[in-house]
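Read off the chains here:
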Amino acid sequence: MESIKSVFHRCIETCTNFIDHNWRTIVLGLLSYFCTFVFIMGFFFFTGVGKWFDVTFTFLTATISFLLGLVISVIGLKIIRSLPIVLVASIVGAIVGIFSVGTYLGPFFRMMAFAVLVLGSLVALTIRMVRRTTKRRIWLICVMCSTTICVHGLFFYTIFSEGKSGSWSLKLSEKIATQAIQNPSIEGSLPIKSFTYGSGEDKRRAEYREVEYETQSVNMSPFIIQPKGLNKWYREWFWGFNLHQAPLNGRVWMPEEESAKGPFPLVLIVHGNHNMVDFSDGGYAYIGELLASRGYVVASIDQNFLNSGKSGHIGWDNSGRAWMLLKHLEQWDKWNKDRNHPLYSRIDMDKIGMIGHSRGGEAVSIATLMNELDRFPNNAKISLSFDFSIKSLIGLSPGDGRFKLGDQPVELNNINYLTLQGANDSDHVNYLGMRQYERVNFTGGFDGFKSSIYLYGANHGQFNSDWEVDQPAPYWWFRNRAEVMEPELQREMTKLYLSAFLDATLKDKKEYRQIFSSKDTASSWIPTDSIRQRYEESTFMPVATFEEDVDVTSLTQEGGGINGYNLQVWKEINLTLRNKEPQGNQAVKLGWRRSNARYSIKLPEEISASLDKETVLTFDAVQLHPSRYQFYGIQQPKGLEGEAIPISVILKSKGMMKLDSRNRTTISIDPTYSSNLYKFDWWNERFGNDYEHMLQTYEVPLSFLTEHIPSVNYETLDEIIFEFNQTESGLIFLDNIGFKK
């Protein structure tokens, strides 16, 4: 020990002597190079005044900053030298420890840790002063105790307070609609059974050791980037296998054979990224049990071994997730065709749906496109041989663009698509599913639809009953929890939309489409004020989508045109996500400060000729956020702040007057609410806006004209007018104006 001390002191003495003898030389060289560098850089600074000004300004700025730093350093070093060395060393050691642990516990840990250091110092100092108090210093003790109590109170209030509530209502509508359809979230009549299938050799989970049906492992290494070093070693140690031998594990819920033989549609569910040691695949039992009781075979796929861990990530993980989904379908197809297997002919492989959450939501889209390819675009040496009948996709807060087949965004054609997103999602803070929604296209005779459901108050984790929170403590302590709906309500809303969508698309129960075309259809079962939903059928005939060009007077279809009257704001823009990146969708922005403003669309003759009593006018709209009202100097309508505002929709025939009251109806345009992810505005600003403009689909059946004008000829309708005559002011987005049958 003495020898170590001797070596240490000798090293310190050598370094000190070296600095003492050479510090002037070091300073001279440092200043010389610094001044020369700043002088030269001044020639690259351009103001337009003159090069003499550019160089002088740059040099003076550097000189003043240098002197200021010099003064601060001298004062700071004098203060540090006057402090006990153990105190300084303890503070430095604590800071190093905080930043070391904070590398994997995150910034909120660091902020809390610094607060805890201050609290600890205050408590210790207060105790010491109390023990050594005198009558003369009693006032100081009172101040210290009060300060310590107040600071502790502020600290714990920040953690345990719920935050501020949202502006939306989570109450059921007072206007209870008479329903001609059954609530799709009600449990079905079929008794169900559950079991697992997999390798039978799982190291960590008994449910995948004691399986109903054993499966062969698969080599997924061509579809991912292999982990390396510590990450590779730790994963193989934890799981007991590498990705050359990935298991096909799944949890199944299905009708009992005694109650119904089938065949039943097959639905795969896949989780997203989460701490790999906190298993995720069991968190969708609430979906599996409901769907199985209503006549589906449901499998929740285990892909926990592709998730991130504290040792690192796996590259191309969403490619691997997608390929594994197709391998599971391949396995189900083998069982279904094997006459000796208990699952023989119990699956309808012509009716397949897939549900993905988070990264799994992106994976189901990638898998659907991969299903149609003969070669893996990112490594064409690898062949693909899938061709399953995937009919329907659901993305629960899905990702987008993490992996691109052939470096291209995923474009999907002729498939039913549903995406759900929570406005209070602090994991996927941007509604990335909206981009995929915009890239789903319909052609030919396909009969289907796509829909987007945006839920104010829903978060990311509550779609999975095992996750619950978006991010664990300490992040969760600082979330604005007052805005987040109860987990059971979020899952009840999820069950309703998932069950209705699958019944409508895999069982051809078209009556359930109205749940997506009109949110009020579900108002008897779930709160609808917090919902913004979009809907588009394959029969949609677009008139104006605002995607075609920069001419604000042109339509998507040839012929016709657009005009605006007395509008304060009229422009076509790309809608943005919370972080101000584009949604991939153009819309027209309309604002007015007079009650005689209007926006009219002259219909092409080809469109008019196709209209009849069964035709429905559809369009998407939403009010802009209150901050945008302020930006444009437009007042929110008095008495309707934060509420829907009414506008008139007029369908005018040739020769009919615009003022004829028989050809108009009123539509109320929903507001855009703020959703605050965290309790602190300064932290929320890191993510961009405190809102996303999510459109709402509205429908106007043309049959309403018959009620007022029995002799109406629908083929003579030649103009759609949006008249803003019911409020003195307003600011809305309008998009996807067209007709469906």
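Just above, that's the structure.
Not measured: the values here are computed from a predicted model. (Residues numbered from 1 in each chain as written. Predicted model: local features only at pLDDT ≥ 70, side-chain atom pairs only at ≥ 80, totals over all residues. Heavy atoms only, no water.)

### Things to note about the environment of leucine 83
Mapped onto the elements, leucine 83 comes out in the loop between helix 2 (51–82) and helix 3 (85–105). Residues leucine 83 and phenylalanine 279, spaced 196 residues apart in sequence, show a C-alpha to C-alpha distance of 50 Å. (Helix = DSSP H or I, 4+ residues; strand = E, 2+ residues; numbered from the N terminus.)

### Here's the deal with the packing of aromatic side chains
The relative placement of two aromatic rings is captured by the distance of their centres and the angle of their planes. Counted by the stated rule, this structure contains 49 aromatic pairs. For the ring pair phenylalanine 45 and phenylalanine 57, a centre distance of 5.8 Å and an interplane angle of 15° mean the geometry is stacked. Highlighted residues: phenylalanine 45 in the loop between helix 1 (2–42) and helix 2 and phenylalanine 57 in helix 2, separated in sequence by twelve residues. Ring centres 5.8 Å apart and planes at 45° place the aromatic pair phenylalanine 478 and phenylalanine 680 in the tilted group. Of this pair, phenylalanine 478 sits in the loop between strand 11 (449–455) and helix 11 (487–506) while phenylalanine 680 sits in the loop between strand 20 (664–669) and helix 15 (681–684); the two residues are 202 residues apart in sequence, bridging distant segments of the chain. Residue classification places phenylalanine 478 among the buried positions, given a relative accessible area of 7%. Taken together through their ring pairs, the aromatic side chains of Trp233, Tyr234, Trp237, Phe238, Trp239, Phe241, Phe279 and Phe305 make up a single cluster. It is arginine 204 that lies over the ring of phenylalanine 238; its NZ or CZ is 4.1 Å from the centre. Over the ring of tyrosine 286 we find arginine 491; its NZ or CZ atom is 5.8 Å from the centre of that ring. (Phe/Tyr/Trp six-rings, centres within 6.5 Å; stacked < 30°, edge-to-face > 60°. Buried < 20%, exposed > 50% of the residue type's maximum accessible area, 1.4 Å probe, protein only. Lys NZ or Arg CZ within 6 Å of the ring centre and 35° of its normal.)

### Some remarks on the state of the cysteines
Overall, the coordinates contain zero disulfides when judged by the stated rule. No disulfide involves cysteine 15; its sulfur sits 6.6 Å from the nearest other cysteine sulfur, which is in cysteine 11. (Disulfide = S-S within 2.5 Å.)

### Examining the sheet that holds strand 9 (residues 416–422)
Read across the sheet, ten strands follow the order 2-1-3-5-4-6-7-9-11-12 without closing on themselves; strand pairing throughout is mixed. Whereas interior strands pair on both sides, the edge strands pair on one side only; in this sheet they are strand 2 (213–214) and strand 12 (531–537). Note: strand 4 (residues 264–270) against strand 5 (residues 297–301), five bridges, orientation parallel. Pairing of leucine 266 across the sheet is with valine 297, part of strand 5. Along the sheet face, helix 7 (residues 285–293) touches strand 1 (192–198), strand 3 (250–255), strand 4, strand 5 and strand 6 (347–357) and points at about 30° away from the line of strand 3. Helix 9 (residues 359–370) rests against strand 4, strand 6, strand 7 (390–396) and strand 9 of the sheet, and its axis sits at about 140° to strand 6. (Pairing = 2+ DSSP bridges. Contact = heavy atoms within 4.5 Å. Axes fitted to C-alpha atoms, helices over the stretch in contact; angles between N-to-C directions.)

### Some thoughts on helix 9
With twelve residues, helix 9 extends 16 Å from end C-alpha to end C-alpha; this agrees with the ideal 16 Å at 1.5 Å per step. Most of helix 9 is tucked away, with twelve of its twelve residues classed as buried. (Expected span 1.5 Å × (residues − 1).)

### Overview of the environment of asparagine 480
Structurally, asparagine 480 is set in the loop between strand 11 and helix 11. You can call asparagine 480 buried: its relative accessible area is 1%. Dropping the residues within four chain positions of it, asparagine 480 is found in contact with Glu162, Gly163, Lys164, Asn676, Leu677, Tyr678 and Lys679. One polar contact links the side chain of asparagine 480 to the main-chain amide nitrogen of lysine 164, over a distance of 2.8 Å. Among the polar contacts listed, one links the side chain of asparagine 480 to the backbone oxygen of asparagine 676, at a separation of 3.2 Å. (Polar contact = N/O pair within 3.5 Å; in protein donor to acceptor, adjacent residues only side chain to side chain.)

### Quick notes on a nonpolar patch on the surface
A contiguous nonpolar patch, built from Val71, Ile75, Ile79, Leu83, Leu87, Ile91, Ile95 and Phe99 and spanning about 670 Å² of accessible area, is present on the exposed surface. Taken together, the elements giving at least two residues each to the nonpolar patch come down to helix 2 and helix 3. No other element matches helix 3, which puts four residues into the nonpolar patch. If you trace the backbone, isoleucine 75 turns up in helix 2. (Patch = residues over 30% accessible without salt bridge, like charges linked within 9 Å, V, L, I, M, F, W, Y side chains within 5 Å. Areas by Shrake-Rupley, 256 points an atom, 1.4 Å probe, with all protein chains shown as cover. Salt bridge = Lys/Arg side-chain N within 4 Å of Asp/Glu carboxyl O.)

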